[in-house]
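# Tertiary structure, described
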Amino acid sequence: MKRRLISKALITTVLAMGGIASVQAQTKWDLPAAYPANNFHTENLVQFANDVEKASGGKLKITVHANASLFKAPEIKRAVQGGQAQIGEILLANFQNEWQLFGADGLPFLADSYEESFKLYKAQRPFLEKKLAEQGMILLYAVAWPPQGIYVKKPINSAADLKGVKWRAYSPSTARIAELVGAQPVTVQAAELSQAMATGVVESYMSSGSTGYDTKTYEHIKYWYDTQAWLPKNAVIMNKAAFDALDAGTKQAVLKAGADADARGWKVSQAKNGEYIDLLKKNGMNIVTPSAQLKADMKKVGDVMLKEWLEKAGPEGKALVDAYNKL
């Protein structure tokens, strides 16, 4: 009897230790993101993280840190590259000064619809994969924001009406647009945009209906000109060493969940575009079709920026635009 009691105690101890071992065997990744928890990009990330945990049988748990709570938007790429975070979401256009091709989808009117934007993504992806691999990272997937329009406090009929306006710049291309139309560029990231509008630091900016709704822009600015200028992409990148450390089954779970998030994200972005515009209208935003003059002015801005970009990007940039035009 005594021997059986000892055996039971031993079994209990072994099982407990096994439980501890299985908990310790779980790999944990941090995924910093710059946008609010209720933004469709962030919701897609959370779904991706849940899919990975389920498909890996709990071996890999990814925690999404929304709204720049772990790292600010411009810091996320470096954090992933340096291994402070194993995976992260970045706005590619933010990093154009580092390498021009990161900003290809921020060039006004180069790709101005979902169909054209996806073609640009297909052309851009091999270049992105090569560059990120050189930096010790892997491109998992990328999803476009809805088309970009102009938020402004007053009605505008031409680019000249933007002269002197305090304009939010969040990337090299948005700063350059400000210069070309004579606006005053002010660097403000998404997480600080509401405060910047409330305090009068920003009077105008270019972004999607999504950002306008997320930041309650309608409380401060009443006009949105639907210029459909470009569709910038958020990319999810991984630290290569962290990915290489996973077992084969977990790697496959990550890649499959990433491919699913890619396909789902593009569909959701397109569906959400109309929803966000309707929500802006309901909250008092005037959705305006740009005048012929404003369209022509912005097209000129786009032509200048593409020429400048090609000069800076060199043969690589030309190869990307040529590949895009052939699709």
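What counts, and where the lines are drawn
- Every chain's residues receive numbers from 1 upward, in the order its sequence appears when written.
- Selection of residues for local features in this predicted model requires a pLDDT of at least 70, selection of side-chain atom pairs for listing and counting requires 80 or more, and totals for whole chains, interfaces and linings are taken over all residues.
- Excluding hydrogens and water, the side-chain figures rest on all heavy atoms present in the structure.
- Comment: axis = line fitted to C-alpha atoms, over the contacting stretch for helices; angle = value between 0 and 180 degrees taken between N-to-C directions.
- Here a strand is any run of E in DSSP of at least two residues, a helix any run of H or I of at least four, and the numbering for each starts at the N terminus.
- Any angle that is under 35 degrees is reported as roughly parallel, and any over 145 degrees as roughly antiparallel; angles of 65 to 115 degrees are reported as roughly perpendicular and all others as oblique.
- In this scheme, a crossing is called left-handed if the near helix is turned counterclockwise away from the far one by less than a right angle; it is called right-handed if the turn is clockwise.
- Contact definition: two residues touch when any of their heavy atoms are within 4.5 Å.
- Just so you know the grouping, Ala, Val, Leu, Ile, Met, Phe, Trp, Tyr, Cys and Pro go in nonpolar, Asp, Glu, Lys and Arg go in charged, and all remaining residues, Gly too, go in polar.
- Paired strands, as defined in this entry, are two strands with at least two bridges between them according to DSSP.
- As used in this record, nonpolar core signifies buried Ala, Val, Leu, Ile, Met, Phe, Trp, Tyr and Cys residues forming a set joined through side-chain atoms within 4.5 Å.
- Partly exposed residues are those whose accessible area sits between 20% and 50% of the maximum for their type, while under 20% is buried and over 50% is exposed, using a 1.4 Å probe and protein chains only.

## Some thoughts on the packing of helix H5 (residues 172–181) against helix H10 (residues 292–326)
Close contact between H5 and H10 brings their axes to 10 Å; oriented N to C, the two are set at 125°. On the basis of the axis angle, H5 is oblique to H10. Pair H5 / H10 crosses with right-handed handedness. Residue-level contacts link Ser173, Arg176, Ile177, Leu180 and Val181 of H5 to Met298, Val301, Val304, Met305 and Glu308 of H10. The residue makeup of the contact of H5 with H10, split by class, is seven nonpolar, one polar and two charged.

## Things to note about the packing of helix H4 (residues 114–134) against helix H9 (residues 248–282)
Contact pair H4 / H9: the axes reach a minimum separation of 12 Å and the direction vectors enclose 155°. Relative to H9, the element H4 is oriented roughly antiparallel. Crossing handedness for the pair H4 and H9: right-handed. Between H4 and H9, the residues in contact are Tyr114, Ser117, Phe118, Tyr121 and Arg125 and Asp262, Trp266, Ser269, Gln270 and Asn273, respectively. Of the residues contributing to the contact of H4 with H9, the split by class is four nonpolar, four polar and two charged.

## Regarding the sheet that holds strand E10 (residues 233–239)
Strand order in this open sheet of three strands is E3-E10-E4, and the pairing throughout is antiparallel. Either end of the sheet is taken by a strand with one partner, and the two such strands are strand E3 (87–91) and strand E4 (137–144). The mean inter-strand angle of the sheet, taken between neighbouring strand axes irrespective of direction, is 25°. Where E3 lies against E10, five bridges are found, and the strand directions are antiparallel. Each bridged residue has a counterpart across the sheet, and for Ile90 the counterpart in E10 is Ala235.

## Quick look at the nonpolar core
Trp29, Phe48, Ile62, Ile87, Ile150 and Val254 are the most contacted members of the largest nonpolar core, which has 83 residues in total. With nine residues, H10 is the single largest residue contributor to this core. If near-sequence neighbours (up to four positions away) are discounted, Ile62 is found in contact with Trp29, Leu31, Phe48, Ala49, Val52 and Ile87. Counting 13 residues, the second largest nonpolar core, distinct from the first, contains Leu193, Met197, Ile221 and Leu280.

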